[in-house]
Amino acid sequence: MATNKPLVLVLGATGGTGQSIVNGLLKSGNFRVAALVRSQSVTKAVTEKMRTSGVEIRIGDITEDYEKLKEHLQGVDVLISAVDARIGNQQRDIFRAAKEVGVQRVVPSDWATPGDTRGIRTLTDVKFDIREYVKELGVGYTIIDVGWWMQFFLPLPLRSTGAPEAALSWSRSLYGGGESKNLLTNVHHIGTWVARIIADPRTINKSVIVWEDEVLHKDAQELGARVSGDGDALRAKRVEVSEEEIKKQIADGQVLYDKDPMDFKLSVSLIWFQYMYSMHFLHENTLENAKRLGYLDARELYPDIPAQSLEEYAKEFYGLPEPGLLYVRQ
């Protein structure tokens, strides 16, 4: 019976990663799905779409008082957080409440690239703190990272006019000569992997890396020039970025971020360039590094799940009416 299926509550369900998770859980048919949605998001089209798809909408916020959080968690078997990483520290109370009411497994908001060095990525340092907190609580957990989104690894075509000017430059930049390999996942596929991971006893109290392809940065830039049809004209837009230059961009971004971390326009530069430094100069976003850190490989765990190559995705990307809209915050 459907009521015997585990109930999964998703936080941040209206965001890009959250929507993918909800869709993957629903598609699997193995879970009842609920979403904790803030009152100001109840009327959003994405919320209505979830409701009509069978998702139970619970109205609330992770900043509410502790007793209210316990009410939101009634009957929940698995709690998955996909909240904005900039409010990652606010997950503590709901994880503590989850432990108290008997939630069997929590998945903190990670969903990014692997790494273990503090002081490199501001948002990742917060994630490290939350991981430690969850482990200290003693609640069952699973850490899930997904590498870098394929959506942000290809150069925008010359016809793109819908992206911010900075995004055009960032997407066409070649960092450190393009010699870094990077793990990539199509954001729309994340939920398919999550549905398998949270039902698997092998992943309890473990970290799992989800990835579909591992590609050299310079090869992705060349793929873009070829598949977009822009060829040499797009290559001419390519910008070489050195380690010294990216460190300056990080310093400049920090000044803006410090003005108001919750203002996306002010915070995005620091976040972007810290990730670029980690990926392209420290080479943290590789399968070799993930395994060194003790991650389980999702592709080894679930070899039956199809993994999309970046080349396959590129055909979708350059077939979009305006790929640049992927960079526009909704």
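Details of the structure are given in the entry above.
In this text the structure is predicted, and so the values were computed from the model without any measurement.

### Some details on the packing of helix α4 (residues 92-101) against helix α5 (residues 122-137)
Relative orientation of the contacting elements α4 and α5 amounts to 20 degrees, with a least axis distance of 10 Å. By the angle between their directions, the pair α4 and α5 is classed as roughly parallel. In this structure, α4 crosses over α5, and the sense of that crossing is right-handed. Along its contact with α4, which presents R92, F95, R96 and K99, the element α5 presents D129, I130, Y133, V134 and L137.

### Side note on the side chain of S228
Mapped onto the elements of the fold, S228 is located in helix α8 (residues 217-228). S228 sits in the buried class, given a relative accessible area of 19%. A polar side-chain atom of S228 sits 3.5 Å from the main-chain carbonyl oxygen of A225.

### Quick look at helix α1 (residues 16-28)
Look at α1: 19 Å from first C-alpha to last across 13 residues, which is about the 18 Å you get at 1.5 Å a residue. Taken together, the buried positions of α1 are T17, G18, S20, I21, V22, G24 and L25. Summarising the contacts, the buried residues of α1 are in contact with β1 (7-11), β2 (32-37), α2 (45-52), β4 (78-81), β7 (148-149) and α7 (190-197). Phi turns positive, to about 75 degrees, at G29, one or two residues after α1.

### Some points on the packing of aromatic side chains
Applying the stated criterion to the full structure yields twelve aromatic pairs. With a centroid separation of 6.4 Å and an interplanar angle of 65 degrees, the aromatic rings of F152 and W272 are classed as edge-to-face. Pair noted here: F152 is in the loop between β7 and α6 (165-171) and W272 is in helix α11 (residues 264-280), with a separation of 120 residues, a long-range link. Taken together through their ring pairs, the aromatic side chains of W148, W149, F152, W170, W272, F273, Y275 and Y327 make up a single cluster. Its guanidinium or amino end placed over the ring of Y133, R92 lies 5.5 Å from that ring's centre, counting from NZ or CZ. The ring centre of W211 lies 4.3 Å from the NZ or CZ of R299, which sits over that ring.

### Comments concerning the sheet that holds strand β11 (residues 213-216)
One open sheet accounts for three strands, arranged β7-β9-β11; its pairing is mixed. In the strand order of this sheet, the two ends are held by β7 and β11, each with one partner. Note: β7 against strand β9 (residues 181-185), two bridges, orientation parallel. The partner of W149 across the bridge, within β9, is T185.

### Observations concerning the pairing of β4
In regular strands, side chains alternate between the two faces of the sheet. Burial along β4 is two-sided: V78 and I80 facing one way and L79 and S81 facing the other are all buried. In the sheet, β1 pairs with β4 via four bridges, with the strands oriented parallel. Within the sheet, the bridge partner assigned to V8 lies in β4 and is V78. Sheet topology places β4 next to strand β5 (residues 105-107); three bridges connect them, and they run parallel. By the bridge assignment for β5, V78 is matched with R105.

### As for α4
Within α4 the residues assigned to the buried category are I94, F95, A97 and A98. One side of α4 holds all its buried residues, which, seen down the axis, span an arc of 160 degrees. Elements that come into contact with the buried residues of α4 comprise β1, β2, α3 (66-72), β4, β5 and α5. G102 sits one or two positions beyond α4 and adopts a positive phi of about 95 degrees.

### Focus on the packing of α5 against α11
Between α5 and α11, the shortest axis-to-axis distance is 8 Å and the interhelical angle comes to 80 degrees. With respect to their mutual orientation, α5 and α11 come out roughly perpendicular. Here α5 contributes T122, L123, T124 and K127 to the contact with α11, which in turn contributes L270, I271, Q274 and Y275. Among the residues making up the contact of α5 with α11, the classes are represented as four nonpolar, three polar and one charged.

### Focus on the environment of D232
Structurally, D232 can be placed in helix α9 (residues 231-235). Take D232: its relative accessible area is 60%, and that puts it in the exposed class. The spacing of D232 and L11 is 221 residues in sequence and 44 Å in space, taken between C-alpha atoms.

### Considerations on the pattern of salt bridges
Evaluated as defined, the whole model comprises 24 salt bridges. Across the pair D93 and R96 runs a salt bridge whose closest N-O atoms are separated by 3.6 Å. Separated by three residues within a single helix, D93 and R96 lie in helix α4, roughly one turn from each other. Through salt bridges with shared partners, one network takes in E222, D232, R235 and R238.

The rules behind these values
- In this convention, every chain numbers its residues from 1, walking through the sequence in written order.
- Whole-chain, interface and lining totals are the exception, using all residues; otherwise, since this is a predicted model, local features are given only for residues with pLDDT of at least 70 and side-chain atom pairs are given and counted only at 80 or more.
- Hydrogens and water are ignored here; the side-chain numbers use all heavy atoms of the structure.
- Interaxial angles span 0 to 180 degrees and are taken between N-to-C directions of axes, which are lines fitted to C-alpha atoms, for helices over the stretch in contact.
- Segments assigned H or I by DSSP are reported as helices when at least four residues long, segments assigned E as strands when at least two residues long, and all are numbered from the N terminus.
- Here roughly perpendicular refers to angles of 65 to 115 degrees, roughly parallel to angles under 35, roughly antiparallel to angles over 145, and oblique to all remaining angles.
- Left-handed is the label given to a crossing in which the near helix is rotated counterclockwise from the far helix by less than a right angle, and right-handed is the label when the rotation is clockwise.
- Every residue pair with non-hydrogen atoms within 4.5 Å of one another is taken to be in contact.
- Accessibility here uses a 1.4 Å probe with only protein chains present; expressed as a share of the type maximum, an area under 20% marks a residue as buried, one over 50% as exposed, and anything in between as partly exposed.
- By the criterion applied in these results, polar contacts are pairs of N or O atoms within 3.5 Å in which, for protein atoms, one can donate a hydrogen and the other can accept it, and in which residues neighboring in sequence qualify only through two side-chain atoms.
- Expected span of a helix: the number of residues minus one, times 1.5 Å.
- A pair of Phe, Tyr and Trp rings is counted when the ring centres sit within 6.5 Å of each other, with Trp represented by its six-membered ring. The angle between the planes then sorts it: under 30 degrees is stacked, over 60 is edge-to-face, the rest tilted.
- Both a distance and an angle decide whether a charge sits over a ring: NZ of Lys or CZ of Arg must be within 6 Å of the ring centre and within 35 degrees of the ring normal.
- Note on pairing: two strands pair once DSSP finds at least 2 bridges between them.
- Directions from the helix axis toward the C-beta atoms define the arc.
- Gly falls in the polar group here, along with every residue not listed as nonpolar (Ala, Val, Leu, Ile, Met, Phe, Trp, Tyr, Cys, Pro) or charged (Asp, Glu, Lys, Arg).
- A side-chain nitrogen of Lys or Arg and a carboxyl oxygen of Asp or Glu constitute a salt bridge if their distance falls within 4 Å.

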